[in-house]
Amino acid sequence: MEIIVKGMVCHHCVDAVERVLRSAGLTPVSVTLGRAEIKENLDDSALQILDNLLESEGFSRLLDADSQLVERIKRAVIEHVRKPNECRLNLSACLEKHLGATYDTMSRVFSSHEGRTVEKYQMAQRVEWVKELLGYGQYTISEIADMTGYSSTAHLSRQFKSVTGLTPTEYLRTSMDRRGLNEV
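Residues numbered from 1 in each chain as written. Predicted model: local features only at pLDDT ≥ 70, side-chain atom pairs only at ≥ 80, totals over all residues. Heavy atoms only, no water.

What follows deals with the overall build of the protein chain. From N to C terminus, the protein chain includes 9 helices and 4 strands. In sequence order, the secondary structure elements of the protein chain are arranged as β-α-β-β-α-β-α-α-α-α-α-α-α. Summarising its shape, the C-alpha atoms of the protein chain cover approximately 55 × 50 × 30 Å along the three principal directions. Surface accessibility of the protein chain: about 10700 Å² in total, with carbon and sulfur atoms responsible for 48%. (Helix = DSSP H or I, 4+ residues; strand = E, 2+ residues; numbered from the N terminus. Areas by Shrake-Rupley, 256 points an atom, 1.4 Å probe, with all protein chains shown as cover.)

The structure is reproduced here in structure tokens:
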């Protein structure tokens, strides 16, 4: 049985959903971003229990076709962003190829459900990846620009600032100033 799950954005989410499924006594066949396949077929009462468990972890099961399409678009965008050297197509062509729908349809459905365009979502995902890489403290901004598919550090910095309100350097400085709750 396939379950489409809303709210999965990283490998930690995949692990969390797999734990939820196992805690419900289910047998996951595969769990990937936005999708889980289990061996069992569930009745309505078992699905309600699963819904409650997913919600307790910040996820939800998607039922309608448009919501499922939005989650598939999100997964494809994240894949496109995180593997810039694997897909030489632009975003719209990549989505059409992988999802089998016209970009116009996907864009319209996505915008109506999310309140932002697919392009804005892609930009936000790229910036989140940059923030993650900056947090490691192992790479220069130039290396990060190259790793994340930006044409230059200036382009990365402009887009980063337009999304976060800070330059990458300012972001690093403010994140170093933050203290954990146990340090207060």
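We are not done yet, so read on.
This part covers the nonpolar core. By size, the foremost hydrophobic cluster in this structure holds 46 residues, and its most contacted members are Met 8, Val 17, Leu 21, Ile 73 and Leu 95. Residues within four places of Leu 95 in sequence aside, it is in contact with Ile 73, Ala 76, Val 77, Gly 100, Tyr 103, Met 106 and Val 118. (Core = buried A, V, L, I, M, F, W, Y, C linked by side-chain atoms within 4.5 Å. Buried < 20%, exposed > 50% of the residue type's maximum accessible area, 1.4 Å probe, protein only. Contact = heavy atoms within 4.5 Å.)

Among all positions in helix 4 (residues 91-99), only Leu 91, Cys 94, Leu 95 and Leu 99 are buried. Taken down its axis, helix 4 places every buried residue within 100 degrees of arc, on the same side. Contacts from the buried residues of helix 4 go to helix 3 (65-82), helix 5 (103-114) and helix 6 (118-136). (Arc of directions from axis to C-beta.)

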